[in-house]
Amino acid sequence: MKKLLSIVFIATSVFAYAQPGKKGKDPKMAPELVPGYYVTAKGDTVKGEIQTNLENEGELYKNIYFKAPGAAKVTVITTKKAKAYGYGDNHFMMTAYDAQTEVYFRYLAKGRLNLLEFKYPTTVAGNPTIAAEYYIQDTKADEENKDLRELKKLNEKFYKKELKPYMKDQPMIWNDMDKFTFKPDAVANSIREYNRFYEGN
């Protein structure tokens, strides 16, 4: 009996230790901060730290969780105050998602052709998940093809066909792309290879 009571006491102690300080509230993870920056609406670059371990990955595409040098805590920077931000190899640009909403798109490849990603929370069969959309843009399209300068959402089933007018100048790169399966990393690598032909131009 004493042995059983000891086990119950230890288990209760561990359980109590694991509880948050306030009832009814989930414990929050300490923010993981990495060196980063954001660009103000006026074009000034502000350096500090970016929080990356957000509970919802989609938040990275909506707001910036930023800690300024010497600040005590992380503050939220919205699309109204910053038009771009980044950390490590991740760089985001602000864009209008629709007539009412501004969000951040992440560059997967940047150059003459930009490949961008947007992630957001949704549900599949009632289960919460994160979905992704992908966009293409030709920043140097000529006047005859000026519509290619606008961001275009890719249909993942027909992405190769949709990319053909963007990559017609380098058909061998386009031909080597997988016709059936959209793999963001592989597509980004192909677009980076394409962009190398136009670096410095």
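Fair warning: this is a prediction, and the values are worked out from it, not measured in the lab.

Peer 1: How should the pairing of strand β8 (residues 113-124) be read in this particular structure?
Peer 2: Each regular strand shows side chains that alternate between the opposite faces of the sheet. Relative to β8, strand β7 (residues 102-109) runs antiparallel, the two sharing three bridges. By the bridge assignment, Tyr 107 is partnered in β8 with Leu 116. In the sheet, β8 pairs with strand β9 (residues 127-138) via twelve bridges, with the strands oriented antiparallel. Its bridge partner lying in β9, Phe 118 is registered against Glu 133. Counted between consecutive antiparallel strands, the loop separating β8 from β9 contains two residues, among which Ala 125 sits at a positive phi close to 55 degrees.

Peer 1: Explanation requested: the packing of aromatic side chains in the structure shown.
Peer 2: Per the stated rule, a full pass over the model turns up 13 aromatic pairs. Between Tyr 85 and Tyr 104, the aromatic rings sit 5.3 Å apart at their centres with planes inclined by 80 degrees, giving edge-to-face as the arrangement. Of the two residues, Tyr 85 is situated in strand β5 (residues 82-87) and Tyr 104 in strand β7; the sequence distance between them amounts to 19 residues. Overall, the relative accessible area of 0% leaves Tyr 85 in the buried class.

Peer 1: Explanation requested: the pattern of salt bridges in the structure shown.
Peer 2: Note that side chains of opposite charge can pair when their charged atoms are close. As enumerated under the stated definition, the model contains nine salt bridges in all. The salt bridge partner of Arg 112 is Asp 169, with a shortest N-O separation of 3.7 Å. Of this pair, Arg 112 sits in the loop between β7 and β8 while Asp 169 sits in the loop between α2 (159-163) and α3 (171-175), and the two are 57 residues apart along the sequence. The salt bridge involving Lys 153 is made with Glu 133; its shortest N-O contact spans 3.4 Å. Residue Lys 153 is found in strand β10 (residues 152-153), and its partner Glu 133 is found in strand β9; the two are separated by 20 residues along the sequence. The class of Lys 153 is partly exposed, set by a relative accessible area of 45%. Here the salt bridges share partners, and the residues they tie into one network are Arg 112, Asp 138 and Asp 169.

Peer 1: Help me understand the side chain of Asn 90 in this model?
Peer 2: Its location among the elements puts Asn 90 in strand β6 (residues 90-96). Polar side-chain contacts of Asn 90 include one of 3.0 Å to the side chain of Arg 106. The contact partners of Asn 90, leaving out residues within four places of it in the chain, are Tyr 85 and Arg 106.

Peer 1: Sorry if this is basic, but what is going on with the confidence of the model for the protein here?
Peer 2: Low-pLDDT stretches of the model should not have their predicted coordinates read in fine detail. The predicted model of the protein averages 88 in pLDDT, with 86% of residues at 70 or higher. For residues 1-22, every residue scores under 50 in pLDDT, and the model assigns this stretch two contacts once sequence neighbours within four places are set aside.

Peer 1: When you look at the environment of Glu 143 in this model, what are you seeing that I'm missing?
Peer 2: Here Glu 143 is to be found in the loop between β9 and β10. There is a polar contact of 3.2 Å between the side chain of Glu 143 and the side chain of Arg 149.

About the criteria used
Residues numbered from 1 in each chain as written. Predicted model: local features only at pLDDT ≥ 70, side-chain atom pairs only at ≥ 80, totals over all residues. Heavy atoms only, no water. Pairing = 2+ DSSP bridges. Helix = DSSP H or I, 4+ residues; strand = E, 2+ residues; numbered from the N terminus. Phe/Tyr/Trp six-rings, centres within 6.5 Å; stacked < 30°, edge-to-face > 60°. Buried < 20%, exposed > 50% of the residue type's maximum accessible area, 1.4 Å probe, protein only. Salt bridge = Lys/Arg side-chain N within 4 Å of Asp/Glu carboxyl O. Polar contact = N/O pair within 3.5 Å; in protein donor to acceptor, adjacent residues only side chain to side chain. Contact = heavy atoms within 4.5 Å. pLDDT = per-residue confidence, 0-100.

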